[in-house]
Amino acid sequence: ADRRDMAAKWDPRLIDLDYNLERFIMHNADAIVSRYAPDIGEAWAKSHGATPKYLELQPYPCPEFIHYSNDRPSQRDGIIRLVHAGSFVPLDDDHPPALFPEVSMPDVFLSLLEQGFALDVFMPPQVDPEKLGPGYDSYRNLARDFDTFRFLPGVSPDNFAEAISSYDYGILLFDYDPKIARLGRLWMRGCMPTRFFSYLEAGLPGIVIAEYEDMTRFLEDNGVCLGVPSRDIS
C-alpha cells in the first residue's frame, strides 16, 4: 500500500526500514525467488531501480502428505461443504478495513451459510481458537447461530489433507471493495495464497476471489479452481 496509508497502522520508521531492506536486497542479491509471477517481480524490482535475476517458485503438494477420499457427505445429504484453512484478521482497531479487507470474512461467511452451504474453519496448528480474543467473537457467534459452521483448532500439516479430504471445496473469499481498500494494484493482482496448495494435497478444488488475478489464473489454467468476483459471492 502507499506509505501514507500504511502509516495508519505502522510506525513510519518501520515502513521506511522495510522499504530500505527490500531495496538493499534487490540491489545486492544474486537472484530473487518468490511466489509472484515474473512480471510482478520485475515491477517490484523496478520500483527500487534494480534488475536482479528473478525466479517464480510456487509451493507444491507434498507427496507424503497427500490424502484423497471419495467419501463426500454432500453426496448423501446434498449440503455442499466448504473449508477455509489458515489464519484470520481480527475485527479490531489494529486492523483497518483499508489495509485488511479480510475483516469482511464474517459477513461473507454469514452469506454463504444463509445460502445453505456448510462451512468449517481450521485455524493454524499452533492456534487454539478458544483462546483468541474478542476480535474473533464474530466467528464464535456464527458457530453459536449455525449448526453448519464450526471454528476448529488447526491440524498439523502431515495430517491436514486427511482431515479435509471429504469436503467439497477449499475457499478464500472475502469482500474486496476497491472504494475502501487501499492495497496496491500489484499486490491484488499478484497475490498467491499458499493455502490452495494444501487444498490440493487433499484433492479439493478451490474457490478464490477473482480480484486475486494471478491466483485465479494459475488455478483455472490448471483446472483445479475457479475465481469469483467478490461482488458476486452473494
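None of these values were measured; they are calculated from a predicted model. (Residues numbered from 1 in each chain as written. Predicted model: local features only at pLDDT ≥ 70, side-chain atom pairs only at ≥ 80, totals over all residues. Heavy atoms only, no water.)

Engineer: Mind showing me how you'd approach the nonpolar core here?
Structural biologist: Side chains that are nonpolar tend, in soluble globular proteins, to be buried together. Formed by 50 residues in total, the largest nonpolar core has its most connected members in Phe88, Phe109, Phe149, Phe151, Ile164 and Tyr212. If one sorts the elements of this core by residue count, helix H5 (residues 105-114) sits on top with five residues. Excluding its chain neighbours within four sequence positions, the residues that come into contact with tyrosine 212 are Glu102, Leu172, Phe174, Met188, Arg189, Cys191 and Pro193. (Core = buried A, V, L, I, M, F, W, Y, C linked by side-chain atoms within 4.5 Å. Buried < 20%, exposed > 50% of the residue type's maximum accessible area, 1.4 Å probe, protein only. Helix = DSSP H or I, 4+ residues; strand = E, 2+ residues; numbered from the N terminus. Contact = heavy atoms within 4.5 Å.)

Engineer: Help me out: how do you make sense of the packing of H5 against helix H6 (residues 137-145) in this one?
Structural biologist: Two measures define how a pair of helices packs: the angle their axes make with one another and the distance between the axes. Relative to each other, H5 and H6 sit at 15 degrees, their axes nearing to 9 Å. What the angle tells us is that H5 and H6 run roughly parallel. Between H5 and H6 lies a crossing whose hand is right-handed. Residues Met105, Pro106, Phe109, Leu110 and Leu113 of H5 touch H6, and the partners they reach there are Ser138, Tyr139 and Leu142. In terms of residue class, the contact of H5 with H6 is built from seven nonpolar, one polar and no charged. (Axes fitted to C-alpha atoms, helices over the stretch in contact; angles between N-to-C directions. Parallel < 35°, antiparallel > 145°, perpendicular 65-115°, else oblique. Left-handed = near helix turned anticlockwise from the far one by under 90°. Nonpolar A, V, L, I, M, F, W, Y, C, P; charged D, E, K, R; others polar.)

Engineer: I'm lost on the side chain of histidine 95 in this one. Help?
Structural biologist: Counting through the fold element by element, histidine 95 comes out in the loop between strand E3 (81-85) and H5. Histidine 95 sits in the buried class, given a relative accessible area of 17%. Within the local environment of histidine 95, its side chain forms a polar contact with the side chain of aspartate 92, the two groups lying 2.7 Å apart. Excluding its chain neighbours within four sequence positions, the residues that come into contact with histidine 95 are Lys9, Val89, Pro90, Phe100 and Val103. (Polar contact = N/O pair within 3.5 Å; in protein donor to acceptor, adjacent residues only side chain to side chain.)

Engineer: I would appreciate a short explanation of the pairing of strand E4 (residues 118-122) in the present structure.
Structural biologist: A regular strand places its side chains so that they alternate between the two faces of the sheet. The element E4 is extensively covered by neighbouring structure, given that five of its five residues are classed as buried. Judged by which residues are buried, E4 turns out to be covered on both faces: Ala118, Asp120 and Phe122 on one side and Leu119 and Val121 on the other are all buried. Where E3 and E4 come together, five bridges link them in parallel fashion. Bridge assignment links alanine 85 to a residue of E4, and that residue is phenylalanine 122. (Pairing = 2+ DSSP bridges.)

Engineer: Explain the pattern of salt bridges to me, please; I cannot follow it from the model alone.
Structural biologist: Side-chain pairs of opposite charge can arise whenever the charged atoms involved come near each other. What the rule picks out here adds up to 12 salt bridges. Taking the shortest distance from any N to any O, the salt bridge between aspartate 137 and arginine 140 comes out at 2.7 Å. Of this pair, aspartate 137 and arginine 140 are both found in helix H6, three residues apart, which corresponds to roughly one turn of the helix. With relative accessibility at 23%, the residue arginine 140 sits in the partly exposed group. For arginine 217, the salt bridge identified is with aspartate 214, shortest N-O distance 3.8 Å. You can see arginine 217 and its partner aspartate 214 sitting in helix H10 (residues 213-221), three residues apart, about one turn around the helix. Using a relative accessible area of 35% as the deciding quantity, one classes arginine 217 as partly exposed. On the basis of relative accessibility, which here comes to 7%, the residue aspartate 214 falls in the buried class. (Salt bridge = Lys/Arg side-chain N within 4 Å of Asp/Glu carboxyl O.)

Engineer: Help me understand the sheet that holds strand E6 (residues 169-172) in this model?
Structural biologist: Strands pair in a sheet through their backbones, by hydrogen bonds, and they do so in one of two ways: parallel or antiparallel. Strand order in the open sheet made by the six strands is E5-E4-E3-E6-E7-E8, with parallel pairing throughout. Since the sheet does not close on itself, it has two edges, and those belong to strand E5 (149-152) and strand E8 (225-228), each with one partner. Pairs of neighbouring strands in the sheet enclose a mean axial angle of 25 degrees, with direction left out of account. As paired strands, E6 and strand E7 (residues 206-209) are joined by three bridges and run parallel to one another. Bridged to leucine 172 within E7 is valine 208.

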